[in-house]
Amino acid sequence: MKGYRTGLGWDVHRLTAGRPLILGGVAVPSDFGLEGHSDADVLSHAITDALLGAAAMGDIGMHFPDTDPEWMGADSLKLLQHVCDMVSAAGFAIVNVDSTVILERPKLKDYRLPIRERLAATMRLFVDQVSVKFKTAEKVGPVGEGRSAEAQAIVLLVSTGSP
Ligand code: C5P
Ligand code: MG
């Protein structure tokens with residue numbers, strides 16, 4: 001079926017001392033990082049779920065169950081790339097990706113371009129198709145208290161007419 005499809009993704013991970021802070025495949029210098037079964041890349045997970053949502057192909061846990069040793073400690077960009085291949089095989093191309101990371105600290109704006117470049121390369125897109133925004137939670141709630149980080153993503157797919 002010809003047309004456009006949009007999809008929404010969201011993820012949250014706890015923050016803990018001594019873990020790397022990996023966002024969109026980029027390691028951001030920080031005393032604390034995201035906790036999880038994989039590398040806990042909350043941004044890549046939200047984008048992956050947005051892509052799966054747009055193609056109505058389930059969610060990240062369905063394709064990469066955290067009980068599956070194949071994906072244990074997996075590089076989240078590999079999961080993202082795999083889902084891009086699935087979306088492409090289903091006859092869709094990505095028009096654009098927009099996203100927001102909600103994290104109290106550290107400041108992330110200096111890492112915006114490297115993160116966009118890494119995500120674009122992984123998804124085989126131009127950098128101007130990939131937007132990454134940052135927000136604090138104004139010291140309110142678990143994110144604002146520095147206990148967790150969240151990410152939101154939205155994508156637009158267009159049918160390529162094949163298959
Ligand atoms: O949350 P707030 O509106 O105060 O964020 C202001 C700006 O600070 C954001 O637009 C973003 O550019 C930047 N920011 C950042 N790193 C964060 C949170 C916000 O660079 N962890
Ligand atoms: Mg996750």
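A short tour of the structure in this document, coming up. (Residues numbered from 1 in each chain as written. Chains lettered and ligands numbered in written order. Predicted model: local features only at pLDDT ≥ 70, side-chain atom pairs only at ≥ 80, totals over all residues. Heavy atoms only, no water.)

## A look at the overall build of the protein
Note the threshold: The helix and strand labels rest on DSSP assignments: H or I over at least four residues marks a helix, E over at least two residues marks a strand, and numbering proceeds from the N terminus. As defined in this context, the radius of gyration uses C-alpha atoms, and a globule is described by 2.2 Å times the residue total to the power 0.38. To sort residues, take the accessible area from a 1.4 Å probe on protein chains only and compare it with the maximum for the residue type: under 20% means buried, over 50% means exposed, and anything in between is partly exposed. Any two residues having at least one pair of non-hydrogen atoms within 4.5 Å are treated as being in contact. For accessible areas, the Shrake-Rupley method is used with a probe of radius 1.4 Å. Any residue's cover is judged against the shown protein chains and nothing else. Here the positive residues are Lys and Arg and the negative ones are Asp and Glu; neither His nor the chain ends is included. For the purpose of locating charges, the reference atoms are NZ of Lys, CZ of Arg, CG of Asp and CD of Glu.
The secondary structure content of the protein amounts to five helices and seven strands. Ordered by position in the sequence, the α and β elements of the protein form the string β-β-β-β-α-α-α-β-α-β-α-β. In summary, the protein has a C-alpha radius of gyration of 15 Å against a globular reference of 15 Å for 163 residues, a match within 12%. Seen through its principal axes, the protein has C-alpha atoms that stretch 45 × 35 × 25 Å. Expressed as a percentage of its 163 residues, the buried residues of the protein come to 46%. Partitioning the contacts of the protein with sequence separation of at least 6, the portion at a separation of at least 24 is 71%. For the protein, the exposed area adds up to about 8300 Å²; of that, 55% sits on carbon and sulfur atoms. Separation of charge centres in the protein, based on 16 positive and 20 negative side chains, amounts to 6 Å.

## Here's the deal with the environment of Ser 76
We count it as follows: The term polar contact refers here to a pair of N or O atoms within 3.5 Å; inside protein, the definition further demands a hydrogen-donor-capable atom paired with an acceptor-capable atom, and it admits residues adjacent in sequence only when both atoms are side-chain atoms.
Positionally, Ser 76 belongs in helix H3 (residues 76-89). For Ser 76, a relative accessible area of 1% translates into the label buried. Along the chain, Ser 76 and Val 155 lie 79 residues apart, while their C-alpha atoms are 18 Å from each other. With residues near it in sequence (within four places) discarded, Ser 76 still touches Ser 38, Asp 39, Asp 41, Ser 44 and His 45. A polar atom in the side chain of Ser 76 sits 2.4 Å from the side chain of Asp 39.

## As for the coordination of the magnesium ion (ligand 2)
Stated formally: Only nitrogen, oxygen and sulfur atoms count as donors, using a 2.8 Å cut-off from the metal that widens to 3.2 Å for Na, K and Ca. Water is left out, so coordination shells may look unfilled.
Binding of the magnesium ion (ligand 2) to the protein goes through Asp 11 (OD), His 13 (NE2) and His 45 (ND1), at separations of 1.9 to 2.1 Å. Classification of His 45 by relative accessible area gives buried; the value is 8%.

## Examining the pairing of strand S5 (residues 92-102)
So the rule is basically this: At least two DSSP bridges between two strands are required for those strands to pair. When the strands point away from the viewer, a crossover counts as right-handed if the route from the first strand across the helix to the second turns clockwise.
Pairing of S5 with strand S7 (residues 148-159) involves 10 bridges; the strand directions are antiparallel. Bridging from a neighbouring strand, Thr 100 pairs with Gln 152 of S7. Inspection of the sheet shows S5 paired to strand S6 (residues 130-135) by six bridges, in the parallel sense. What sits directly across from Val 97, in S6, is Val 130. Traced from S5 through helix H4 (residues 112-123) to S6, the parallel crossover comes out right-handed.

## Let's talk about the side chain of Thr 100
Looking at the secondary structure, you find Thr 100 in strand S5. At 3.1 Å, the side chain of Thr 100 forms a polar contact with the side chain of Lys 133. Every residue in contact with Thr 100, bar those within four places of it in the chain, is listed here: Lys 133, Lys 135, Glu 150, Ala 151 and Gln 152.

## Concerning the site of ligand 1
Quick note on the threshold: What makes a residue near a molecule or strand is one non-hydrogen atom of that residue sitting within 4 Å of it. For this classification, Asp, Glu, Lys and Arg are treated as charged, while Ala, Val, Leu, Ile, Met, Phe, Trp, Tyr, Cys and Pro are nonpolar and the rest, including Gly, are polar.
In the vicinity of ligand 1, the residues found are Leu 103, Pro 106, Lys 107, Leu 108, Lys 109, Arg 112, Phe 134, Lys 135, Thr 136 and Glu 138. At 2.8 Å from a nitrogen atom of ligand 1 is found a main-chain nitrogen or oxygen belonging to Leu 103. Contacts to ligand 1 include Lys 109, whose backbone N or O atom sits 3.0 Å from an oxygen atom. Of the residues that constitute the shell around ligand 1, the class distribution is four nonpolar, one polar and five charged.

## Re the sheet that holds strand S1 (residues 4-17)
This is how the line gets drawn: Angles here are taken between N-to-C directions and fall from 0 to 180 degrees, while the axes themselves are lines fitted to C-alpha atoms, restricted in helices to the stretch in contact.
The five strands lie next to each other as S4-S1-S7-S5-S6, forming an open sheet whose pairing is mixed. The outermost strands of the open sheet, each flanked by one partner alone, are strand S4 (32-34) and S6. Here the strands of the sheet are splayed against their neighbours by 20° on average, with no regard to which way each runs. This element, helix H1 (residues 42-54), spans S1, S4, S5, S6 and S7 of the sheet and lies at about 155° to S1. Relative to the sheet, H4 contacts S5 and S6, its axis offset from that of S6 by approximately 140°.

That is the geometry; function is a separate question.
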